[in-house]
Amino acid sequence: MVASKIKKTTKTVKKKTMTKPKTSQQQRTKIVCISHKEDADGISSAALIRQAFGGDSVLVDYPGQMEAIQKVCADEKLKSLYICDLGLSKKNQDEFVDLLRILKKNHVAVTYIDHHDIDPKITKELEKIKVKMIHDINECTTVQVYNAFKSKLSDQAPFIAACAAITDYMEDRPIGSKLLQIYDRQFALINATVLTYNIVGHQKDPDYLLYLVEELADSKFPHEIPNTFEFAQIQVEKLALIIAKVKKGMKTMKNIGYMEIMDSGASGAVNFVLGLSGKDVGVAYKERVDHGIYAVSVRGSKSCKIHLGKIVNILATELGGSGGGHDKACGAVIPKPKIQTFLKEFNKKLN
Ligand SMILES: [Mn+2]
């Protein structure tokens, strides 16, 4: 359903750009950053882009990613677009290239900054149409944003980048570790964690997420934003309840621990599923009633040697969904009736 909706919009966009007279470059004034809304790396990337270039922030999750990009691309005032921390999958990568190709034809400047696994064929195509690519799988997105645009950023920016690196488990990478070294480790850890809990706990409050982006863009530290610690404390208490629920409701197959989550985010529970199952791979999934799909979170233990993001990308696409991400942390969107097949097949592929 989602796919057909998106296709329809693609057609309208193409039609518009072909039949209407081209908007001249002078009329294009808008700067927009589309970024990932579910974690500190996405929110912080949006904040640093805003600090460096101003403009509007559009925050999306994976199920809503293409629809949002569609909508922004159709804006005839768009002058410059930044896309941050949004990995591509087999399902959407071709459409993504097509959309950016239309933008480039209309002389919109496009910068794609990310660190998720990407099909080399897609990298080539994006470079061919002159999308500015900042892509390194070894540093989180915010660290790459900082590194590319530091001359336009404040003294607080490396701290925000270090916090994002921590929450993406990438604070041991060459640039990320240097940024973390500037600060006291505990000071960075508590700020990163408080920021993350405020983001996770406000997923259904888009205005608050935008407010966070604005505050961080305004050079505030997470601890300086009112009530963040109090809110984080409430989230910690909720997580403690999730631990008890995971202990009760988690199931296992040979290679995975898995659980359907009803009343919290799947990504908040998945690490407990991984840890408490004793397996090398944990899966948590939550129904998105409005879309008829499951949002799936997958995590691998340190001893897991398989690139989970690549497997999930292929399997999810085979099942009519989409997915992908990192070697030990990735996600998928799976059509509701296919979730059991997904679990069984995923378990098999891990043999
Ligand atoms: Mn990230």
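Preceding this paragraph is the structure being described.
What comes next concerns the included structure. The structure displayed is predicted, hence computed values, not measured ones. (Residues numbered from 1 in each chain as written. Predicted model: local features only at pLDDT ≥ 70, side-chain atom pairs only at ≥ 80, totals over all residues. Heavy atoms only, no water.)

1. Re the overall build of the chain
From N to C terminus, the chain includes 14 helices and 11 strands. Overall size of the chain, expressed as C-alpha extent along the three principal axes, is 60 × 45 × 35 Å. Looking at the 351 residues of the chain, the share that counts as buried comes to 51%. For the chain, long-range pairs separated by at least 24 residues make up 67% of all intrachain contacts whose partners lie at least 6 apart in sequence. On the chain, roughly 16600 Å² of surface is accessible, and the fraction owed to carbon and sulfur atoms is 55%. Averaging the locations of the 52 positively and 40 negatively charged side chains of the chain gives two centres separated by 7 Å. (Helix = DSSP H or I, 4+ residues; strand = E, 2+ residues; numbered from the N terminus. Buried < 20%, exposed > 50% of the residue type's maximum accessible area, 1.4 Å probe, protein only. Contact = heavy atoms within 4.5 Å. Areas by Shrake-Rupley, 256 points an atom, 1.4 Å probe, with all protein chains shown as cover. Lys, Arg positive; Asp, Glu negative; His and termini not counted. Charge placed at Lys NZ, Arg CZ, Asp CG, Glu CD.)

2. Brief notes about the sheet that holds strand β9 (residues 293–300)
Across the sheet, which stays open at both edges, the 6 strands sit in the order β6-β7-β8-β9-β11-β10 with mixed pairing between neighbours. Of all strands in the sheet, those with a lone pairing partner are β6 (251–252) and β10 (322–325), marking the two edges. Here β10 pairs with strand β11 (residues 329–335) via 4 bridges, running antiparallel. Following the sheet pairing, G324 is matched in β11 by G331. (Pairing = 2+ DSSP bridges.)

3. Considerations on the layout of surface pockets
Volume-wise, the second largest pocket comes out at about 240 Å³. If you trace the second largest pocket, you find it lined by K30, V32, V58, G64, E67, A68, K71, V72, D75 and H291. Residue contributions to the lining of the second largest pocket peak at 4 residues, all from helix α3 (residues 65–73). Classifying every residue of the lining of the second largest pocket by side-chain character gives 4 nonpolar, 2 polar and 4 charged. (1 Å grid on protein atoms, 1.4 Å probe; cavity = no way out; pocket = protein on both sides within 12 Å on 5 of 7 lines; lining within 4 Å. Points joined across faces, edges and corners; volume = space filled by probe spheres on them. Nonpolar A, V, L, I, M, F, W, Y, C, P; charged D, E, K, R; others polar.)

4. Quick notes on the pairing of β10
Every second residue of β10 is oriented toward a common face, with S322 and G324 on one face and G323 and G325 on the other, all of them buried. Hairpin connection of β10 to β11: 3 residues between the antiparallel strands.

5. Quick look at the coordination of the manganese ion
The manganese ion binds to the protein through D41 (OD), D85 (OD), H115 (NE2) and D168 (OD), with metal-donor distances spanning 2.2 to 2.3 Å. Judged by its relative accessible area of 1%, H115 falls in the buried class. (Donors = N, O, S within 2.8 Å, 3.2 Å for Na, K, Ca; no water.)

6. Considering the side chain of D114
Along the chain, D114 falls in strand β4 (residues 109–114). As a buried residue without a salt bridge, D114 has its nearest oppositely charged side chain in R173, at a separation of 13 Å. In this structure the side chain of D114 is engaged in a polar contact, spanning 2.7 Å, whose partner is the side chain of H116. Leave out the neighbours within four places in its chain, and D114 touches D85, L86, G87, I134, H135, D136, T141 and Q144. (Salt bridge = Lys/Arg side-chain N within 4 Å of Asp/Glu carboxyl O. Polar contact = N/O pair within 3.5 Å; in protein donor to acceptor, adjacent residues only side chain to side chain.)

7. Details of the pattern of salt bridges
Inspection of the entire model under this criterion finds 11 salt bridges. The shortest N-O distance in the salt bridge between K220 and E215 comes to 3.0 Å. Between K348 and E345 there is a salt bridge; the shortest N-O distance is 3.5 Å. Of this pair, K348 and E345 both sit in helix α14 (residues 339–349), 3 residues apart, which is roughly one turn of that helix. What makes K348 exposed here is its relative accessible area of 51%.

8. Considerations on helix α2 (residues 40–53)
Look at α2: 20 Å from first C-alpha to last across 14 residues, which is about the 20 Å you get at 1.5 Å a residue. The backbone nitrogen of D41 has a side-chain oxygen 3.0 Å away, supplied by the residue at the start of α2, namely D39. Just downstream of α2 lies G54, where phi reads positive at about 70°. (Expected span 1.5 Å × (residues − 1).)

9. Examining the state of the cysteines
Within the structure shown, the criterion is met by 0 disulfides. In this structure C73 is a free cysteine whose sulfur lies 13 Å from that of C33, the closest cysteine sulfur available. For C140, which is in no disulfide, the shortest distance to another cysteine sulfur is to C163 and amounts to 10 Å. Judged by relative accessible area, C140 falls into the buried class, the value being 0%. (Disulfide = S-S within 2.5 Å.)

10. Remarks on the pairing of strand β5 (residues 132–135)
Here β4 pairs with β5 via 4 bridges, running parallel. Looking across to β5, one finds that I113 is bridged to I134. Between the parallel elements β4 and β5, the chain passes through helix α5 (residues 120–128) in a crossover that is right-handed. (Right-handed = clockwise from strand over helix to strand, strands pointing away.)

Honestly, it's all geometry; don't read function into it.
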